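# Fold and geometry: a report
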Amino acid sequence: MLFCKYMNHRGVPALILVFVVGFFVAQPTHAQFGLDQLRSFSNSMAPLPQFGEVAPGVGGLFEGETLIATPSHPQPFEPFNLEISAPDASFSGATIRWYINGEEDMAARNKRQHSLVAGALGETMRIEATLTKQNGEVDEVSRTITPIQLDIILESFSTVPEFYAGRALPGPGTLARAVAVINTGETLNRDNLTYEWRLNSNLLEAGAIRGLQAVNFETPLGSESYIHVTVSDANGVIAKRGITFRPPEPEIVFYQQNQFIGVNQIALGDQAQFVGNQVTVRAEPYYISPAYTNPRNLVEWNLGGQRVDTGNQLERNVITLQGGGTNSGGNVSIRLADLSKLSLPVQDGFYLRFGF
């Protein structure tokens, strides 16, 4: 942004230029599969920073005094901070007192900020702060904190093998689902709650909807995204929660398949050697859209630089390979892509050798 202003000082013009440039750089995160170590998806998820919410002053003699809590809706036993926001004139010579459930916290006397820990699930904490002026006038602000447990469960409709013991994770461009699980410690009619979902600050479903406990969304391209939900009842907001998540890089893992024993669940490495002159290989994509199985989408094998068409097969990601002699080999690769939308193909390969 460029802002220019001309000033005259005793007839001499002065030009002041202010130029501000800001940029952000995001580092991509890669996930390895097969024989490599798989990064725990749960460890890549973390709570979003929660911004404080203002509670209006109660019976205050001075305008503009508020009590800010950060996070605004702490969960059970979660630390939170309180801050009195007021004009500087309100603090001049004033005595500040903090009261927790009616009892003064002497350790917080004359502090503008106070740190506390929320109570158990559903346990209400009444917090009051008073500013006593030198002339005896008293201003008061208050806030009530009632911890509610709110969690977001992230699910995905992306691909993983049937034998895979882990969860399907939302890869870039795949369909994902976020589910809000709320617990107030009391009997709760969740259908009467209103949910407002945001993905990377973009409002989902055009706004808050009653009973929208779960929402589907397409995982954005990029190294990191976040999903946030605000839950309200008839009296207003009761809980907020947000998590960040890093979509794993889609990858293809190769497995040997046998008509008698099925799929060998030990993945093939970058180089694979087989005794005999024939082997069936299965390419299993991790964390891509299942739309690749549509016959109109791309499933392309390449053997030693030569394309192989498997379009007439029921499973186009399975191929049977034969050697050219007692000791032969070559590069084997496959490329998958959902042609119904703009997306980069996923491809991978390995070197296959027959013989000893």
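Reading guide: rules and limits
- Residues numbered from 1 in each chain as written.
- Predicted model: local features only at pLDDT ≥ 70, side-chain atom pairs only at ≥ 80, totals over all residues.
- Heavy atoms only, no water.
- Helix = DSSP H or I, 4+ residues; strand = E, 2+ residues; numbered from the N terminus.
- Buried < 20%, exposed > 50% of the residue type's maximum accessible area, 1.4 Å probe, protein only.
- Contact = heavy atoms within 4.5 Å.
- Areas by Shrake-Rupley, 256 points an atom, 1.4 Å probe, with all protein chains shown as cover.
- Phe/Tyr/Trp six-rings, centres within 6.5 Å; stacked < 30°, edge-to-face > 60°.
- Core = buried A, V, L, I, M, F, W, Y, C linked by side-chain atoms within 4.5 Å.
- pLDDT = per-residue confidence, 0-100.
- Pairing = 2+ DSSP bridges.
- Salt bridge = Lys/Arg side-chain N within 4 Å of Asp/Glu carboxyl O.
- Axes fitted to C-alpha atoms, helices over the stretch in contact; angles between N-to-C directions.

Across its full length, the protein chain holds one helix and 28 strands. Looking at the 356 residues of the protein chain, the share that counts as buried comes to 39%. Intrachain contacts of the protein chain at a sequence separation of at least 6 include 61% that bridge at least 24 residues. When the accessible surface of the protein chain is split by element, carbon and sulfur atoms take 51% of a total near 20700 Å².

This part covers the environment of proline 172. As for its position among the elements, proline 172 is in the loop between strand S12 (149-156) and strand S13 (175-183). Given a relative accessible area of 24%, proline 172 falls into the partly exposed group. Considered as a pair, proline 172 and leucine 221 are 49 residues apart in the sequence and their alpha carbons are 4.9 Å apart. Contact partners of proline 172, with chain neighbours within four places excluded, come to Thr219, Pro220, Leu221, Pro247, Pro248 and Pro250.

Moving on to the packing of aromatic side chains. Here the distance between the centres and the angle between the planes together describe a pair of aromatic rings. Counting across every chain of the model gives six aromatic pairs. Taking 5.1 Å as the distance between ring centres and 80° as the angle between the ring planes, the aromatic pair formed by phenylalanine 163 and tyrosine 255 counts as edge-to-face. Within this pair, whereas phenylalanine 163 is found in the loop between S12 and S13, its partner tyrosine 255 is found in strand S20 (residues 251-258), the two being separated by 92 residues in sequence. Relative to tyrosine 287, the ring of tyrosine 286 has its centre 5.9 Å away and its plane inclined at 85°; by these criteria the two rings are edge-to-face.

Counting residues in each nonpolar core, the largest one holds 23 residues, and the members touching the most others are Ile182, Tyr195, Trp197, Phe217 and Ile227. Core analysis: the next-biggest nonpolar cluster, separate from the first, contains 21 residues, Phe254, Ala272, Phe274 and Leu352 among them.

Let us look at the confidence of the model for the protein chain. When the pLDDT values of the protein chain are averaged, the result is 80; 79% of them are 70 or greater. The low-confidence segment residues 1-52, where pLDDT is below 50, has 87 contacts with residues more than four positions distant or belonging to other chains.

Below, the discussion takes up the side chain of threonine 230. By secondary structure assignment, the location of threonine 230 is in strand S18 (residues 225-233). A relative accessible area of 12% places threonine 230 in the buried class. Here threonine 230 is in contact with Thr194, Tyr195, Glu196, Val237, Ala239 and Lys240, once residues within four sequence places are set aside.

Taken together, four strands build an open sheet; the order of strands is S8-S7-S10-S11 and the sheet is antiparallel. Of all the strands in the sheet, the pair left with one neighbour each is strand S8 (103-104) and strand S11 (138-145). Alignment of strand S7 (residues 95-100) against S8, held across two bridges, turns out to be antiparallel. Within the sheet, the bridge partner assigned to isoleucine 100 lies in S8 and is glutamate 103.

Scanning the model with the defined rule gives nine salt bridges in all. Among the ionic pairs, glutamate 104 bridges to arginine 109, the shortest N-O distance being 2.7 Å. A relative accessible area of 24% places glutamate 104 in the partly exposed class. Note on arginine 109: relative accessible area 28%, which makes it partly exposed. Between glutamate 284 and arginine 282 there is a salt bridge; the shortest N-O distance is 2.6 Å. What makes glutamate 284 buried here is its relative accessible area of 9%. Salt bridges sharing common partners tie together Arg97, Glu104 and Arg109.

Here strand S6 (residues 79-85) shows a clear split, with Phe80, Leu82 and Ile84 buried on one side and none of Pro79, Asn81, Glu83 and Ser85 buried on the other. Of the pairings in the sheet, the one linking strand S5 (residues 66-70) to S6 comprises five bridges and is antiparallel in character. The partner of alanine 69 across the bridge, within S6, is leucine 82.

Attention shifts here to the sheet that holds strand S17 (residues 214-218). Pairing in this open sheet of three strands is antiparallel, and the strands run S12-S13-S17 from one edge to the other. Unpaired on one side and paired on the other, S12 and S17 mark the two borders of the sheet. Each neighbouring strand pair of the sheet contributes to a mean axis angle of 25°, computed without reference to strand direction. For S12 and S13, the ladder comprises eight bridges, and the chain directions are antiparallel. By the bridge assignment, serine 156 is partnered in S13 with alanine 176.

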